[in-house]
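# Structure assessment
What follows is each chain in one-letter form.
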Amino acid sequence: MLLVTGGAGYIGTHVTRSLISGGRDVVVVDDLSAGHPELLPAGVPVEVGSVLDTDFLMDVIDMYDVEGVVHLAGRKAVDESITRPSYYYRQNVYGMQSVLAAMVRLRVRRIVFSSSAAVYGAVGDDTVTEDAPTLPQSPYGRSKLMCEWLLRDIAAAEGMSWSALRYFNVAGAGDKDLADRGIHNLVPRVFQAIDRGEAPSVFGDTYDTPDGTCIRDYIHVTDLAAAHATVVDAMDTAPMAAVYNVGCGCGASVLDVMRAARQASGVPFDWQIDEPRAGDPARVVADAPGSARNSAGRHGTTWTTSSAARGKHGRRRGRPR
Ligand SMILES: NC(=O)c1ccc[n+]([C@@H]2O[C@H](COP(=O)([O-])OP(=O)(O)OC[C@H]3O[C@@H](n4cnc5c(N)ncnc54)[C@H](O)[C@@H]3O)[C@@H](O)[C@H]2O)c1
């Protein structure tokens, strides 16, 4: 049995579906602060509680005979992490420590962790390999890097197999019910603004990029979920101690995303330029062909911004507002 923490969230529901369709048994732990357990496949047990509660995690591990953990539970908003750093460090870093403590006590030896490209910080024009310097620009990015340090050190001391997957920007949906309902990521924010008849915000247009807006690497969530299943399978055959980028290896600017959303929705909306946000590097794009694509089964190269926009909201062209 695999334990998926945060399994009722946007990415967690996709990861759980991918693991189940690969023949795995899964139990989900989620505090439901942002989760939707009704979107999980029928029959998947959901234990409601916080990963900060080590005793609760040990009970779940014991009750379900858990042999491995996919740890997704955490907070993910860069801007919120700047105003609430203490909360972010507690939820993300103490959460990681608590998961590892429960695993160590009950001798669970495999873990896949949701890290983030936010650990890199500003990286200039180059694509980012896993051995690029880690200079995160926000408490969120620093919290993810601290989680990686904990993971690396505790796994080495305890003989655990581990992988940290550094997700780039995750978008799309395997099914329209599974769309990202959060307010923190660009694609749902754009569609939520369109639905309200408002102009979506572009945070800054004076970055050092061709159109002045931030460039990111958008990976489709089903490709990301498949990467988890591949890493879990790989851990069956050999011990692992690895960090993988999980991105598509291509960059799209905020304005590219706006145009793709216009095309996908059929709504000729305008956007508005707002102040840049603290903690946003100009450009972060994965260089993963030698790593995640081969080792973690990444399929992101077929993805485009417009396909993610369509997949996310199941829009039809020309749909009236
Ligand atoms: N969405 C992205 O673009 C992105 C990019 C990089 C990394 N990540 C990481 O991936 C993970 C999942 O992200 P998501 O987009 O699915 O977010 P999400 O908010 O949709 O899902 C997180 C889930 O974890 C649960 N949760 C939060 N704190 C918890 C706690 N203390 N105990 C138990 N459950 C808790 C929430 O209820 C939710 O179901 C996060 O760790 C995030 O930092 C996401």
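The structure this text deals with has already been given above.
What comes next is a walk through the structure. The model shown is predicted, which means the values in this text are computed figures rather than measured ones.

About the thresholds
- Residues numbered from 1 in each chain as written.
- Predicted model: local features only at pLDDT ≥ 70, side-chain atom pairs only at ≥ 80, totals over all residues.
- Axes fitted to C-alpha atoms, helices over the stretch in contact; angles between N-to-C directions.
- Helix = DSSP H or I, 4+ residues; strand = E, 2+ residues; numbered from the N terminus.
- Parallel < 35°, antiparallel > 145°, perpendicular 65-115°, else oblique.
- Left-handed = near helix turned anticlockwise from the far one by under 90°.
- Contact = placed C-beta atoms within 7 Å.
- Nonpolar A, V, L, I, M, F, W, Y, C, P; charged D, E, K, R; others polar.
- Pairing = 2+ DSSP bridges.
- Near = placed C-beta within 6 Å.
- Core = buried A, V, L, I, M, F, W, Y, C linked by C-beta atoms within 7 Å.
- Buried ≥ 20, exposed ≤ 12 C-beta atoms within 10 Å, placed from the backbone.
- Domains from an automatic or database assignment.
- Arc of directions from axis to C-beta.

The next thing to look at is the packing of helix α4 (residues 85–105) against helix α5 (residues 139–158). For the pair α4 and α5, the least separation of the axes is 9 Å and the interaxial angle reads 15 degrees. Our classification of the angle between α4 and α5 gives roughly parallel. Seen from above, α4 lies across α5 with right-handed handedness. Within the contact between the two elements, α4 uses P85, Y88, Y89, N92, V93, M96, Q97, L100 and V104 and α5 uses P139, Y140, S143, K144, M146, C147, L150, L151, I154 and E158. In terms of residue class, the contact of α4 with α5 is built from 14 nonpolar, three polar and two charged.

What follows deals with the sheet that holds strand β6 (residues 161–167). If you walk across this open sheet you meet the seven strands as β3-β2-β1-β4-β5-β6-β11, and the pairing is parallel. Every interior strand has two partners, whereas the edge strands, β3 (46–48) and β11 (241–246), have only one. On average, each strand axis in the sheet is tilted by 20 degrees relative to the strand beside it, whichever way the strands run. Here strand β5 (residues 110–116) pairs with β6 via seven bridges, running parallel. Looking at the pairing, V112 lines up with S163 of β6. In the packing of helix α2 (residues 54–64) onto the sheet, the strands contacted are β1 (2–5), β2 (26–30) and β3, and the crossing angle to β2 comes to about 165 degrees. This element, helix α7 (residues 221–237), spans β1, β4 (68–71), β5, β6 and β11 of the sheet and lies at about 165 degrees to β6.

Before going further, it helps to spend a moment on the site of the ligand. Lining the immediate surroundings of the ligand are 30 residues, of which G6, G9, I11, G35 and G74 lie closest. Put simply, the parts of the chain that give the shell around the ligand at least two residues each are α1 (10–21), β2, α4, β5 and β7 (169–171). Broken down by element, the residue count for the shell around the ligand peaks at three residues, all from α1. Each residue belonging to the shell around the ligand can be placed in one class, and the counts come to twelve nonpolar, 15 polar and three charged.

Moving on to the packing of helix α6 (residues 186–195) against helix α8 (residues 254–265). Remark: α6 packs on α8, axes separated minimally by 11 Å, with the N-to-C direction vectors making an angle of 50 degrees. Judged by the angle between their axes, α6 and α8 are oblique. The handedness of the crossing between α6 and α8 comes out as right-handed. Listed contacts from α8 to L186, V187, V190, F191 and I194 of α6 are V254, V257, M258, A261 and S265.

Along the chain, the position of P276 falls in the loop between β13 (272–274) and β14 (283–284). Note: C-alpha distance between P276 and F203 (73 residues apart in sequence) is 4.5 Å. In contact with P276, not counting residues within four places along its chain, are F203 and G204.

Counting residues in hydrophobic clusters, the biggest one holds 88 residues, and the most contacted among them are L3, A117, L151, L165, L224 and V257. Examining the composition of this core, we find that nine residues originate from one element, α7, more than from any other. Each of domain 1 (2–170 + 219–246) and domain 2 (171–216 + 249–287 + 299–313) contributes no fewer than three residues to this core. Contact partners of L3, with chain neighbours within four places excluded, come to V27, V29, V60, I61, V66 and V69.

Here the phi dihedral of L32 falls at roughly 65 degrees; this positive angle occurs in a residue that is not glycine. Tracing the sequence through the fold places L32 in the loop between β2 and β3. The exposure class assigned to L32 is partly exposed, which follows from the 13 C-beta atoms found within 10 Å. For R107, which is not glycine, the phi torsion reads 55 degrees and is therefore positive. Tracing the backbone shows R107 in the loop between α4 and β5. Residue classification places R107 among the exposed residues on the basis of 11 C-beta atoms within 10 Å.

Moving on to α6. Working note: α-helix, 3.6 residues per turn, so residues spaced by three or four point in the same direction. Among all positions in α6, only L186, V187, V190, F191 and I194 are buried. Projected onto a plane normal to the axis of α6, the buried residues spread over an arc of 125 degrees and lie on a single side. At the exit of α6 stands G197, carrying a positive phi of roughly 75 degrees.

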